[in-house]
Amino acid sequence: MNTKISITAFSSISPLGNNPEEVWKKYLNDQHCFSQQFLDHQETSVAALEAESKQIITEVRESDPKYKFLDDSVLFALAASRKAVEHAGWKSGDVFGINIGSSRGATDLFEKHYKEYIDTGKAQTLASPTTTLGNISSWIAHDLQSTGPEISHSITCSTALHAILNGVAWLKSGMADKFLVGGSEAPLTDFTIAQMRALKIYSRINQIEETWPNLAFDFEKTQNTMILGEAAGVCCLEAGEKENAIAYVTSVGYATEILEHNISISAEADCFQKSMKMALKETDIKEVDVIVMHAPGTIKGDLTELRAIEKVFGSNTPLLTTNKWKIGHTFGASGILSLELALLMIQHDKFINVPFAKTQNQTRTIKKVLINAVGFGGNAVSILIEKA
């Protein structure tokens, strides 16, 4: 990839907060963001938005009468998108593309509408249009009054990084100059939690008794410890090197692998090996300072990604980290929150360790960070960014 792509703004709303200063402050402490909610008939560990962020979502919902019918996944994305576009200096009526994806979509609304149908035999008028995946980008375009292309998609947990792939492709092709990309997820619902428990990957660790309910990045754990979180994150991409760039997307990689099972991944994550090699095709691996791993907190998910990294980097393995021990797995938004961590580490030139893992010592300036994400079906994406 010859032309650099500038990241000119970033915004998120998550259990970490709703502004960069607050998010970075949370990363500097060793506390997780998990709390308990009664879901799927039992007390369940989740990573939910804090009160201040929930108030922001309430204000977004009340800012337009039509928004009161929208799912939280849409409202989260609206809140993040408004801030990002403002920071980038994009104006109403500007031509820019939008690609905001979600793994599950309007989960809460869908469950409520379906329950009402089962109970009454009737569906609400707006049940269909408010639960489609295309719902997110369309409402953002309406809210921001943009005039470019709108794309929504679901590629499970690699959704947000696939949005970056799409944005980069449009910008590289010359079909657009600006693209708003990211992911949003509001999965803290009974049925979603039940599905994860059915897969036997949800954490059973009692967070009252144990310090770390999610052991993402513990490669010797003996049980799956994934926990779900809610969040949205977006970034503004522009073609070329811009004066206001906070970082550059220098290269991207992607791959899939042959499935043996609906949620399978090979022992050495072949898809990750391929996506990382593609992203690093024109980069000396010794130049990569940090990898933000996908590492969802499952036994196989964490370990196979580590094996893939070892295969690709050998003795030149960079510093490794993840954020899911702290904020859980936010499905389609997880990749963009990993990008946020990468951007903050570059900005502050400080590596964020996982507190219960062996300490890794930063010995040089953080300039290049690789971000990984993978979803059910072995859809891996690797994004290499570098300091502006």
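Cut-off values and rules
Residues numbered from 1 in each chain as written. Predicted model: local features only at pLDDT ≥ 70, side-chain atom pairs only at ≥ 80, totals over all residues. Heavy atoms only, no water. UniProt positions renumbered as here; feature names shortened; annotations may be inferred. Helix = DSSP H or I, 4+ residues; strand = E, 2+ residues; numbered from the N terminus. Rg over C-alpha atoms; globule rule 2.2 N^0.38 Å. Contact = heavy atoms within 4.5 Å. Areas by Shrake-Rupley, 256 points an atom, 1.4 Å probe, with all protein chains shown as cover. Lys, Arg positive; Asp, Glu negative; His and termini not counted. Charge placed at Lys NZ, Arg CZ, Asp CG, Glu CD. Salt bridge = Lys/Arg side-chain N within 4 Å of Asp/Glu carboxyl O. Buried < 20%, exposed > 50% of the residue type's maximum accessible area, 1.4 Å probe, protein only. Core = buried A, V, L, I, M, F, W, Y, C linked by side-chain atoms within 4.5 Å. Domains from an automatic or database assignment. Phe/Tyr/Trp six-rings, centres within 6.5 Å; stacked < 30°, edge-to-face > 60°.

By the naming in an unreviewed UniProt entry, the protein is Beta-ketoacyl synthase, taken from Flavobacterium chungangense. Database annotation for the protein, UniProt heading Sequence similarities (unreviewed entry): "Belongs to the thiolase-like superfamily. Beta-ketoacyl-ACP synthases family."

**Some remarks on the overall build of the protein**
When helices and strands are counted, the protein shows 11 helices and 12 strands. Computed over C-alpha atoms, the radius of gyration of the protein comes to 20 Å, within 12% of the 21 Å expected from 2.2 N^0.38 for 388 residues, which places it in the range of a compact globule. Along the three orthogonal principal directions, the C-alpha set of the protein runs to about 60 × 50 × 40 Å. Of all intrachain contacts in the protein linking residues separated by at least 6 positions in sequence, the fraction that spans at least 24 positions is 78%. When the accessible surface of the protein is split by element, carbon and sulfur atoms take 50% of a total near 16400 Å². The averaged location of the 45 negative side-chain charges in the protein is 3 Å from the averaged location of its 36 positive side-chain charges.

**Structural notes on the pattern of salt bridges**
Taken as a whole, this structure holds 13 salt bridges when the rule is applied. For Glu386, the salt bridge is made with Lys4, and the minimal N-O distance between the two is 3.7 Å. On the criterion of sequence distance, the pair formed by Glu386 in strand S12 (residues 379-387) and Lys4 in the segment before strand S1 (5-13) is long-range, its members being 382 residues apart. Owing to a relative accessible area of 26%, Lys4 belongs among the partly exposed residues under this scheme. The salt bridge partner of Arg197 is Asp40, with a shortest N-O separation of 3.1 Å. In this pair, Arg197 sits in helix H7 (residues 190-198) while Asp40 sits in the loop between strand S2 (35-39) and strand S3 (42-46), placing the two residues 157 residues apart along the sequence.

**What to know about the nonpolar core**
With 47 residues, the main nonpolar core has Leu237, Leu339 and Ile385 as its most contacted residues. The dominant element in this core, judged by the number of residues it contributes, is helix H11 (residues 334-348), at nine residues. When we break this core down by domain, the ones giving at least three residues each are domain 1 (5-239) and domain 2 (251-382). Ranked by size, the runner-up nonpolar core spans 31 residues in total, among them Phe96, Ile140, Ala141 and Leu180.

**What to know about the packing of aromatic side chains**
A complete count under the given rule lists seven aromatic pairs for this structure. Between Trp212 and Trp325 the ring centres are 5.6 Å apart and the planes differ by 80°, which places this aromatic pair in the edge-to-face class. With Trp212 in the loop between H7 and strand S7 (231-239) and Trp325 in helix H10 (residues 324-327), this pair connects stretches of sequence that are 113 residues apart. The class of Trp325 is buried, set by a relative accessible area of 2%. Through pairs of rings, three or more aromatic residues link up here, namely Trp212, Trp325 and Phe356.

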